[in-house]
Amino acid sequence: SVLFMGCNRLMRQAVIDHIPRGSDLQILDVACGTAAWIPQARLQGRLHPITAIDLSPAYLRYARSMQALGFRDNTTFLQMNAESLQPPGQPPDAWSGRFDRVTSIWLLHELPRPALERAIAEMARVLKPGGLLLLLDSMQRADIPPDRRERAESAYRFFARYFNEPYYLAYQGLDVPALLRAHGLVVETSEPWFRSKLWVARKPT
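The rules behind each value
Residues numbered from 1 in each chain as written. Predicted model: local features only at pLDDT ≥ 70, side-chain atom pairs only at ≥ 80, totals over all residues. Heavy atoms only, no water. Buried < 20%, exposed > 50% of the residue type's maximum accessible area, 1.4 Å probe, protein only. Helix = DSSP H or I, 4+ residues; strand = E, 2+ residues; numbered from the N terminus. Contact = heavy atoms within 4.5 Å. Core = buried A, V, L, I, M, F, W, Y, C linked by side-chain atoms within 4.5 Å. Patch = residues over 30% accessible without salt bridge, like charges linked within 9 Å, V, L, I, M, F, W, Y side chains within 5 Å. Areas by Shrake-Rupley, 256 points an atom, 1.4 Å probe, with all protein chains shown as cover. Salt bridge = Lys/Arg side-chain N within 4 Å of Asp/Glu carboxyl O. Polar contact = N/O pair within 3.5 Å; in protein donor to acceptor, adjacent residues only side chain to side chain. Pairing = 2+ DSSP bridges. Axes fitted to C-alpha atoms, helices over the stretch in contact; angles between N-to-C directions. Phe/Tyr/Trp six-rings, centres within 6.5 Å; stacked < 30°, edge-to-face > 60°.

(A) Seen up close, helix H1 (residues 8-16). Burial of H1 is extensive: seven of the nine residues sit out of reach of the surface. Those residues of H1 that fall on the buried side of the exposure criterion are Asn8, Met11, Arg12, Gln13, Ala14, Val15 and Ile16. In this structure, the buried side of H1 is in contact with helix H2 (37-42), strand S4 (99-105), strand S5 (127-138), strand S6 (186-193) and strand S7 (196-202).

Have a look at this one:
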């Protein structure tokens, strides 16, 4: 909240806007963290079953505790690595082509390139043909007007060092559309949302 000047909800809304109201879609949220966007979506009529995964048991405990405080719904939380989307006790291809939407919020800048490649490949694999991948992350260097870029670069370096984000500066130059296309996805839109950016990509039918 401090980093984004209290506008986290505004930026998460970018993802919610690309999910229709109703309860008939299967949604996978990759690296859910505190899963703060889910109750926000529920209040807006997005009642679809959501499987939320994260590698961190601490984040998952917090997310589950929020459910216990009143956000009881059809969300399933699983501890899982984004690089291997395999449900416990099931074969490796159990989720292939399963989900109508795959969402991931502020994950891209957290991963080194090899891990990022594997995670995107897995997200593409578990999407249904025609399904959408919704990726929200920080704005990048190219999104900053040239006359403000030097100042932004200084802020990026401070952020990477102070908040221990070793891959953030590499993310600043990452060609996300090219990465998505390399894994068979069609990029439909790229939208700025305050300090963040949303990519919407579809798996061909």
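(B) Structural detail: the nonpolar core. Judged by nonpolar contacts, the single largest core of 37 residues is most densely connected at Leu28, Val102, Met123 and Leu180. Elements with a minimum of two residues in this core: strand S1 (27-30), S4, helix H4 (113-126), S5, helix H5 (149-162), helix H6 (168-172), helix H7 (176-182) and S7. In contact with Val102, not counting residues within four places along its chain, are Leu28, Val30, Met123, Val126, Leu127, Leu132, Leu133 and Leu134. Ranked by size, the runner-up nonpolar core spans 24 residues in total, among them Val15, Ile19, Ile38 and Leu198.

(C) Layout of unusual backbone geometry. The backbone phi angle of Ala31 is positive, close to 60 degrees, even though this residue is not glycine. For Ala31, a relative accessible area of 21% gives the class partly exposed. Phi is positive for Phe194, which is not a glycine, with a value near 55 degrees. Its place among the elements puts Phe194 in the loop between S6 and S7.

(D) The arrangement of a nonpolar patch on the surface in detail. Taken together, the side chains of Phe158, Tyr162 and Phe163 make up a nonpolar region of the molecular surface, amounting to roughly 340 Å² of accessible area. One can find Phe163 in the loop between H5 and H6. You can call Phe163 partly exposed: its relative accessible area is 38%.

(E) View of the side chain of Lys197. By the secondary structure assignment, Lys197 is in strand S7. When its relative accessible area of 12% is taken as the criterion, Lys197 is described as buried. Only 3.0 Å separates the side chain of Lys197 from the side chain of Asp143, close enough to count as a polar contact. Among residues more than four places away in sequence, those in contact with Lys197 are Leu135, Leu136, Asp137, Ser138, Met139, Gln140, Asp143, Ser190, Glu191 and Pro192.

(F) Seen up close, the sheet that holds S5. Ordered by their spatial adjacency, seven strands build an open sheet running S3-S2-S1-S4-S5-S7-S6, and the pairing between neighbours is mixed. Two strands in the sheet have a free side with no partner beyond their single neighbour: strand S3 (75-79) and S6. Each strand axis lies, on average, 15 degrees off the axis of its neighbour in the sheet, ignoring direction. Where S5 and S7 come together, seven bridges link them in antiparallel fashion. Within S7, the position partnered with Leu135 by the bridge is Trp199. Contacting S4, S5, S6 and S7, H1 runs over the sheet at an angle of about 165 degrees to S5. Across the sheet, H4 is in contact with S1, S4 and S5; its angle to S5 comes to roughly 145 degrees.

(G) Structural detail: the packing of aromatic side chains. For the coordinates displayed, the defined rule picks out two aromatic pairs. On the basis of an interplanar angle of 85 degrees and a centroid distance of 5.3 Å, the ring pair of Trp95 and Phe99 is categorised as edge-to-face. Judged by its relative accessible area of 5%, Trp95 falls in the buried class. Assessed through its relative accessible area of 0%, Phe99 is described here as buried. Between the aromatic rings of Tyr168 and Tyr171, the centroid separation amounts to 6.1 Å while the plane-to-plane angle is 35 degrees, which identifies the pairing as tilted. Taken together, the residues span about one helical turn, with Tyr168 and Tyr171 both in helix H6 at a distance of three residues. Judged by relative accessible area, Tyr168 falls into the buried class, the value being 6%.

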